[in-house]
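Reading the structure
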Amino acid sequence: MNTSKKMLKRLLILSVAVIFLLCTNGARIFYLQIVRGEELAQKAESQQMRDTEISAMRGTIYDSEGNVLAQSATVWTVFIDPLAIDLEILEDDTEEKIALKKEKSEKRRNLIVEKFTELFEYDDEEKKAFIEKTKANNHYEVVEKKVENDVKEKLSEFISENSLNCIGMEQSTKRYYPYGTLASSVIGFTGADDQGLSGIEAYYDEELTGTNGRIITAKDAFSNDISDDYETSVEATDGNCITLTLNQTMQYYLEKGLSETMNEYQAKGAYGIIMNCNTGAVLAMSSMPDYDCNDPYKLTYSKTIDEIEKITDKTEKETAESVAVQNQWRNFTVSDTYVPGSVFKAFIASAALEENVVTTNTTFNCTGAIKVDTYTMKCHYHPGHGMQTFTQGLENSCNPFFITVGQKLGVHNYFKYFDAFGFTQKTSIDLPGEASPQYYKENQYGIVELSSASFGQTNSLTPIQVCTGLCAIANGGKLLQPYLVASVQNAEGKTIKKTEPNVIRQVISEETSKTVCQMMKSVVDNGTGKNGYVAGYSVGGKTGTSTKLGESAAGEGDKYIVSFAAIAPSDNPEIAMIIIVDEPNQDLGGGALCAPIAAEVIEESMNVLGIEPKYSEDEVENLSSYTPNVSDKSLDDAKKTLEEYKLNYLVIGNGDKVVRQCPTSASTIPGSGTVYLYTSGDKQTTTIPDFTGLTVSEAKSLAESSNLNIEISGNDLGSSTIVAYRQSDEKGAVVEKGTVVTVSFKNTQSVLD
């Protein structure tokens, strides 16, 4: 019995132990498979599989002529397997063998470090950081991104020569902007993850972004890839491409004019828009200072750089740099508002004519000021313009005249057209960050507010709103939706979206539109906008100046923002334009600073659009033409040819045959210019003088005495107030006699109107 009891006791203990172990194992299995099952499965998969992402190409951005403005290209992400750098230490390795393996591992590490330092130009800190990565306790460590193909090839050669399976490369993409700063505020840029951060890149990010592909490969116990039989791949789908309405040539000349003026007058900024007034397409748009889309964090404006350099406090300096960089990214034409000033008088004229409260012959006697309630509102021309017609009032930008017109129009009609021209709402242009206008509601106007608003003060609008409104004045009265993207194409090149012109409403009649266009032409022909003149083309314009109230520091004078609105050709408009210069360092109005930019851009734009010039008799006399080729001709034949072209000549040498000429036949020469004919001897040179500040006649005389030909650009009406302000060749430059120098002129009798 005792034996049986002992056996039963032992069996019971054994049973309890077995049950306990089974329960423990069951609990362990439950914990591993149920509680941590998904986590452990993922870890196992990560050790058994390599999942490589294939980056999709971001869609290309083109201008209207098919020029590439933004494009993605293949680059490489370089990674290392730190645990594979060191040779594996086995259990049965002797101490001598272990030491040898460690020595070889260290040599391998040093070889890799030195090559990476050479290829990627590491400094001491970067080299130290890389060494730490080579010692990391994992199988995957990214060390370089966006590696160009030439560096990738050198690295591949290094890997092959040294049989290094611890270095790998994965395909990625990088965004390139071939023209750098061109249209940067419109195009924008992408971040490190290829996501659009500003401009078109941000607004159309979903369209431009493709779908990444994948390659899934099985790995052995040592993390080496197994054969292709165990590989699965999903191809990447590239993003859609976008064609913009921007014209590269117009964009270039707009930016050139804005940049030169901003730098010359050390302005805070300079902004401009050109639109097709019949479709609403934006042909050019710029906001200065701009930036290089390839390097958006680098400051570009010398004035800003100099100001920041003067800051001694490190924190303040870093803050100032950050603010300046973000300011470069900001597209003022869309994201900011300004008081349009006297440019707004074109809209008041449109409303007043449409409501028949005035005609072009309505007269007003300007005495230099007008009383409104308890306020005296002055004209920019303090002596007064005297008696003038409505057209002359616009030519002279007369504030008192337009105050009376606004009062005749009344608050209700004023606000009706303010709303109809689109000034109470955003334009919904396809760009991010469009600002809302700041304006008085209809019930907020009294006689003072109405009077002030009638000459362009009181309300703040975005430049894109103003330019869109100008299109309505120019195109027969139709308010159009502005847009920047003409079409979208898929990766195969098939057009999947196309933008059609969208008429929002009819604002004024065609008759009123034609009348105001003619009045704006008079502003350029006879008024404050003379610098908008372009030989061979009828140009309409309106100057503007507004005071930036409350922005001047104690002891400073008022800060101004000046502008010029233009339409061309004024008899059958194709383009509308707004040019703005923000806080120039001289008290000059839009007529002096902005109109010359508009004139240059209009001349180039007309060439792009294929609109032939129509010259007056006076303009024909000063036209430039290609110089006839008289080289290798007898001197008598050369003289005869030049006389037929009504060109002068000057003979250098005593020979009877022309061996060289200046200007050459590949160059243009102004009417009545002089061709230098060499019959012998070396070429003769002269020094370029300074034409700045000279009148047209003075500049012509100086050019003649300096043995140069002069080509006149800009306002050439011959008035004593029209002087040279820019020349194609720097003073002091040594050139051949007969060289053609282009000198730009403008009217200096500018007003802050």
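Please read these numbers as outputs of a predicted model, since none were measured by experiment. (Residues numbered from 1 in each chain as written. Predicted model: local features only at pLDDT ≥ 70, side-chain atom pairs only at ≥ 80, totals over all residues. Heavy atoms only, no water.)

1. Comments concerning the nonpolar core
Ranked by internal contacts, the top residues of the largest apolar core, which has 84 residues, are Ile200, Met285, Phe390, Tyr414, Phe421, Leu484 and Ile578. Ranked by the residues each element gives to this core, the list is headed by helix 16 (residues 399-420), at 9 residues. Once residues within four sequence positions are removed from consideration, phenylalanine 421 is found in contact with Phe347, Ser350, Gly469, Ala472, Ile473, Leu479, Val507 and Ile508. Counting 37 residues, the second largest nonpolar core, distinct from the first, contains Leu258, Leu283, Ile575 and Met577. (Core = buried A, V, L, I, M, F, W, Y, C linked by side-chain atoms within 4.5 Å. Buried < 20%, exposed > 50% of the residue type's maximum accessible area, 1.4 Å probe, protein only. Helix = DSSP H or I, 4+ residues; strand = E, 2+ residues; numbered from the N terminus. Contact = heavy atoms within 4.5 Å.)

2. Some details on the pairing of strand 12 (residues 369-372)
Of the two faces of strand 12, only one is covered, namely that formed by Ile370 and Val372; the face formed by Ala369 and Lys371 stays uncovered. Pairing geometry for strand 12 and strand 13 (residues 375-378), over 4 bridges, is antiparallel. Bridging from a neighbouring strand, valine 372 pairs with tyrosine 375 of strand 13. (Pairing = 2+ DSSP bridges.)

3. Section: the layout of surface pockets
Of the pockets and cavities examined, the largest pocket occupies roughly 1,300 Å³. Considering the residues around the largest pocket, the lining is formed by 50 residues, among which Ser624, Glu711, Ile712, Ser713 and Thr742 are closest to the centre. Elements with a contribution of two residues or more to the lining of the largest pocket: helix 10 (248-264), helix 21 (595-609), helix 22 (617-621), strand 26 (674-678), helix 24 (696-705), strand 28 (709-714), strand 29 (722-727) and strand 31 (740-747). Here the residues of the lining of the largest pocket sort into 19 nonpolar, 18 polar and 13 charged. (1 Å grid on protein atoms, 1.4 Å probe; cavity = no way out; pocket = protein on both sides within 12 Å on 5 of 7 lines; lining within 4 Å. Points joined across faces, edges and corners; volume = space filled by probe spheres on them. Nonpolar A, V, L, I, M, F, W, Y, C, P; charged D, E, K, R; others polar.)

4. Observations concerning the side chain of glutamate 207
Secondary-structure assignment places glutamate 207 in helix 9 (residues 205-208). Residue classification places glutamate 207 among the buried residues on the basis of a relative accessible area of 16%. A polar contact is formed between the side chain of glutamate 207 and the side chain of lysine 497, at a distance of 2.4 Å. Setting aside its immediate chain neighbours within four residues, glutamate 207 contacts Gly239, Asn240, Val488 and Lys497. (Polar contact = N/O pair within 3.5 Å; in protein donor to acceptor, adjacent residues only side chain to side chain.)

5. Thoughts on the sheet that holds strand 23 (residues 648-652)
Pairing in this open sheet of 3 strands is mixed, and the strands run 23-26-24 from one edge to the other. The open sheet is flanked by strand 23 and strand 24 (660-662), the only strands paired with a single partner. Averaged over neighbouring strand pairs, the angle between their axes works out to 25° when direction is ignored. Sheet analysis places strand 24 next to strand 26, joined by 3 bridges and oriented antiparallel. Bridging across to strand 26, glutamine 661 finds its partner in leucine 677. (Axes fitted to C-alpha atoms, helices over the stretch in contact; angles between N-to-C directions.)

6. Quick word on the pattern of salt bridges
Working definition: two side chains of opposite charge can pair if their charged atoms are close together. Throughout the structure, instances matching the rule amount to 23 salt bridges. Ionic pairing is found between lysine 497 and glutamate 207, a salt bridge with its closest N-O pair at 2.4 Å. Within this pair, whereas lysine 497 is found in strand 17 (residues 495-498), its partner glutamate 207 is found in helix 9, the two being separated by 290 residues in sequence. Between arginine 726 and glutamate 260 there is a salt bridge, and its shortest N-O distance comes to 3.0 Å. Remark: glutamate 260 occurs in helix 10 and arginine 726 occurs in strand 29; sequence separation between them is 466 residues. Among the charged side chains, a network of salt bridges with common partners joins Lys256, Glu260, Glu264, Glu600 and Arg726. (Salt bridge = Lys/Arg side-chain N within 4 Å of Asp/Glu carboxyl O.)

7. Quick notes on helix 10
With 17 residues, helix 10 should reach 24 Å at 1.5 Å per residue; the first-to-last C-alpha distance of 24 Å fits that figure. Buried within helix 10 we find Met250, Gln251, Leu254, Glu255, Gly257, Leu258, Thr261 and Met262. Looking straight down helix 10, one finds its buried side chains confined to an arc of 165°; they lie on one side. The N-cap of helix 10, judged by a side-chain oxygen 3.0 Å from the amide nitrogen of threonine 249 a few residues on, is asparagine 247. (Expected span 1.5 Å × (residues − 1). Arc of directions from axis to C-beta.)

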